[in-house]
Amino acid sequence: MNDTPARLLRLLSLLQTPREWPGSELADRLGVTDRTVRRDIERLRDLGYPVEATMGALGGYRLVAGTAMPPLLVDDDEAVAIAVGLRAAAGYAVAGIEEASVRALAKVEQVLPAKLRRRVRVLGAAMTLPNDDGPSVDPDVLTTLASAVTNRERVRFAYRSGTGSETRRHVEPAGLVAARRRWYLVAHDMERDDWRVFRLDRIERPQATGARYAPRELPAADPAAYVAGRRTDWGTPTYRVSVTIHAPVGKVAGRLGDAPGDLAAIDRDCCRLEATRDDSPEWLAHRLIGLGVDFQVHEPPALVAHLRTIRTRITAAITA
């Protein structure tokens, strides 16, 4: 192999097989001399690949773990396996690796040839994963939005409300948040000129427009804090909240900005929210209504007052 870059890639592919390679066997595989193999090993080391050499009759070369992970070289089947595994981890939230799975999946699918991308999607469509009472999210939606966040690119999509009505949205995505088996998009809605949180299982047909945007200042420490209701522009003090919710804990968890221990089951069909909150009672009122189930607020009075204000507005809208 007289093409040095191609020979280095072939050598790297061989070394990534977990075994020790005698120099003579590598030379035979590559069709070069032992001296050329030694030079190529040095080139790989200069590129950051930790290749270890052992001496003696049984000595040879092997790739070992280093201080950082260099680029990997995988074949078609391995690339498909990685992509399918990442799609599964992204669509069925594995605690602690949800967002990393989406970032990695976006990178892998960006460089997959069309024929391999089709194989990944066929395999993904054939897979069935336990839903664990959480809504399913299309990995294609995840990767499209993740790429738009990274590229600071505006996105258009259809969005279904809790009642099933559909609206078209044009947004500047700020970040994706995984919380309690659900995915959320934090974005600035262009037409409403305000920040919004969108559930990904309700987003359909997202399309990046190609238009770039300058980042806006998010009124929260980060997208996760915004989803949890901790907005910096509200400036509200902490308050105690107590609410009985007529729904199982699994249906409610993660939708109220709740932390572990905030929700406790009363029975199979009811749970209780007991917590000290640093978000806005107005935000919590809208989140409680968005659950689509019955509930009773025991405290604080500010939350009850805001719910009464919402009731007045709705009554006026209906009678009008």
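Residues numbered from 1 in each chain as written. Predicted model: local features only at pLDDT ≥ 70, side-chain atom pairs only at ≥ 80, totals over all residues. Heavy atoms only, no water.

Moving on: the environment of Leu-176. Summarising the element assignment, Leu-176 is placed in strand β4 (residues 166-179). Residues Leu-176 and Arg-199, 23 residues apart in the sequence, show an inter-C-alpha distance of 9.9 Å. (Helix = DSSP H or I, 4+ residues; strand = E, 2+ residues; numbered from the N terminus.)

Enumeration over the complete set of coordinates arrives at three aromatic pairs. Both rings, one in Phe-157 and one in Tyr-159, keep their centres 6.4 Å apart while their planes meet at 65 degrees; by these two values the pair is edge-to-face. Relative accessible area serves as the criterion here: at 0%, Phe-157 is assigned to the buried category. Plain terms: the ring middles of Phe-157 and Phe-198 are 5.3 Å apart, the flat faces sit at 85 degrees to each other, and that makes the pair edge-to-face. Pair noted here: Phe-157 is in strand β3 (residues 153-160) and Phe-198 is in strand β6 (residues 194-199), with a separation of 41 residues, a long-range link. By relative accessible area, Phe-198 is classed as buried at 1%. Among the aromatic residues, those joined into a cluster by ring pairs are Phe-157, Tyr-159 and Phe-198. (Phe/Tyr/Trp six-rings, centres within 6.5 Å; stacked < 30°, edge-to-face > 60°. Buried < 20%, exposed > 50% of the residue type's maximum accessible area, 1.4 Å probe, protein only.)

The next thing to look at is the sheet that holds strand β5 (residues 182-189). Spatially, β6-β5-β4-β3-β7 is the arrangement adopted by the five strands of the open sheet, whose pairing is antiparallel. Sheet topology places β6 and β7 (203-212) at the edges, where each strand pairs with a single neighbour. The mean inter-strand angle of the sheet, taken between neighbouring strand axes irrespective of direction, is 45 degrees. Relative to β6, β5 runs antiparallel, the two sharing six bridges. Bridged to Leu-185 within β6 is Phe-198. Contacts from helix α7 (residues 139-151) reach β3, β4, β5 and β7, with the element oriented near 85 degrees to β4. (Pairing = 2+ DSSP bridges. Axes fitted to C-alpha atoms, helices over the stretch in contact; angles between N-to-C directions. Contact = heavy atoms within 4.5 Å.)

Take unusual backbone geometry next. In this model, Glu-299 is joined to Pro-300 through a cis peptide bond whose omega is 10 degrees. Tracing the backbone through its elements, the reader meets Pro-300 in the loop between β11 (295-299) and α11 (301-319). Within the chain, Arg-152 stands out as a residue other than glycine whose phi angle is a positive 55 degrees. Mapped onto the fold, Arg-152 is located in the loop between α7 and β3. The exposure class assigned to Arg-152 is partly exposed, which follows from its relative accessible area of 45%. The phi dihedral of Asp-193 is positive, around 50 degrees, even though this residue is not glycine.

This part is about helix α3 (residues 34-46). Taking 1.5 Å of rise per residue, 13 residues should cover 18 Å, and α3 covers 19 Å from first to last C-alpha, within 8% of that figure. Among the residues of α3, Thr-36, Val-37, Asp-40, Ile-41 and Leu-44 are the ones counted as buried. The buried residues of α3 occupy an angular sector of 140 degrees when projected down its axis, which confines them to one face. Relative to its buried face, α3 has exposed residues pointing more than 90 degrees away, namely Arg-35 and Asp-46. Residues of α3 that are buried in the fold lie against α1 (4-15), α2 (23-30), β1 (51-54) and β2 (60-63). (Expected span 1.5 Å × (residues − 1). Arc of directions from axis to C-beta.)

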